[in-house]
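A closer look at the structure
Take a look at the letters that make up each chain.
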Amino acid sequence: MHTVVPEQSRSVARRLRLTLLVWLVMVGLDLLMNGALFARIYQDGGPFLLAPMEAFRRIPLGYAAFLILAFGIVEIASRLHLAGLTDGLRMGFALGGALAAIWSLSLFSIASIGAEVAAIFAVVWLALLLVGSAVAAVGLGRTSLRGLAVEVAVFDLACLVTVIALQSFGVVPAQTA
């Protein structure tokens, strides 16, 4: 059952602000996952992955792709009249599960990627779509985005501090030039 979405949630300017929040939450989660949880795959990724410093230089391209994805998530959630965490998680599981399976199986079938790395990519995509869809639907259901913006900022700060701490204490590998 869908919650009634406030009419103001449908304005283009508001959807663009919400897209920015969805993008920011996905960037924070991506930093946590790739800078901490799965950092070792970039050290031992084999011939499939770029050298760590080259991959680091290309991060802006990946984050540009996330911006396109964030826009799509907000548009789909808006057109489906989603509002609230439950709606967002349902959409995130549906889209994220499909994208994760397609992406990882496709790469595994045509590239020199190992099964573990393919599975990690699937987890990353599922998590990004889950958190992005959740933020989109929650934002569409609220009359103001201020509180959500604060929540996203706190989440991103927590992700950044966690990555810095884990790398500083040697728990996960840090990239060096």
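Quick summary incoming for the structure in this document.

Parameters at a glance
Residues numbered from 1 in each chain as written. Predicted model: local features only at pLDDT ≥ 70, side-chain atom pairs only at ≥ 80, totals over all residues. Heavy atoms only, no water. Helix = DSSP H or I, 4+ residues; strand = E, 2+ residues; numbered from the N terminus. Rg over C-alpha atoms; globule rule 2.2 N^0.38 Å. Buried < 20%, exposed > 50% of the residue type's maximum accessible area, 1.4 Å probe, protein only. Lys, Arg positive; Asp, Glu negative; His and termini not counted. Salt bridge = Lys/Arg side-chain N within 4 Å of Asp/Glu carboxyl O. Contact = heavy atoms within 4.5 Å. Patch = residues over 30% accessible without salt bridge, like charges linked within 9 Å, V, L, I, M, F, W, Y side chains within 5 Å. Areas by Shrake-Rupley, 256 points an atom, 1.4 Å probe, with all protein chains shown as cover.

Scanning the protein chain from N- to C-terminus turns up seven helices and zero strands. When the helices and strands of the protein chain are placed in sequence order, the string is α-α-α-α-α-α-α. Computed over the C-alpha atoms, the radius of gyration of the protein chain is 17 Å, within 12% of the 16 Å expected from 2.2 N^0.38 for a compact globule of 177 residues. Considered along the principal axes of its C-alpha atoms, the protein chain spans approximately 50 × 35 × 25 Å.

Another aspect to go through is the side chain of Asp156. Looking at the secondary structure, you find Asp156 in helix α7 (residues 146-168). For the buried residue Asp156, which engages in no salt bridge, the nearest side chain bearing the opposite charge is Arg142, 14 Å off. For Asp156, the contacting residues outside a window of four places in its chain are Leu24, Val25 and Gly28.

On the surface, Leu157, Leu160, Val161 and Ile164 cluster together to form a nonpolar patch covering roughly 360 Å² of accessible area. Within the element layout of this structure, Leu157 appears in helix α7.

The subject of this paragraph is unusual backbone geometry. Phi angles above zero are rare outside glycine, and His81 is one such case at about 60 degrees. With respect to the secondary-structure elements, His81 resides in the loop between α4 (59-79) and α5 (85-110).

With that settled, consider the pattern of salt bridges. Summed over the entire model, instances satisfying the criterion amount to seven salt bridges. Here Glu54 and Arg57 are joined by a salt bridge, their closest N and O atoms 3.3 Å apart. A residue pair is termed a helical-turn pair when its members lie 3 or 4 positions apart in one helix, as Glu54 and Arg57 do in helix α3 (residues 52-57) at three residues. A relative accessible area of 27% places Glu54 in the partly exposed class. On the accessibility criterion, Arg57 (54% relative accessible area) is exposed. Taken together, the shared-partner salt bridges connect Arg15, Glu75 and Arg79 into one network.

In short, the description is geometric, and any link to function would need to be established separately.
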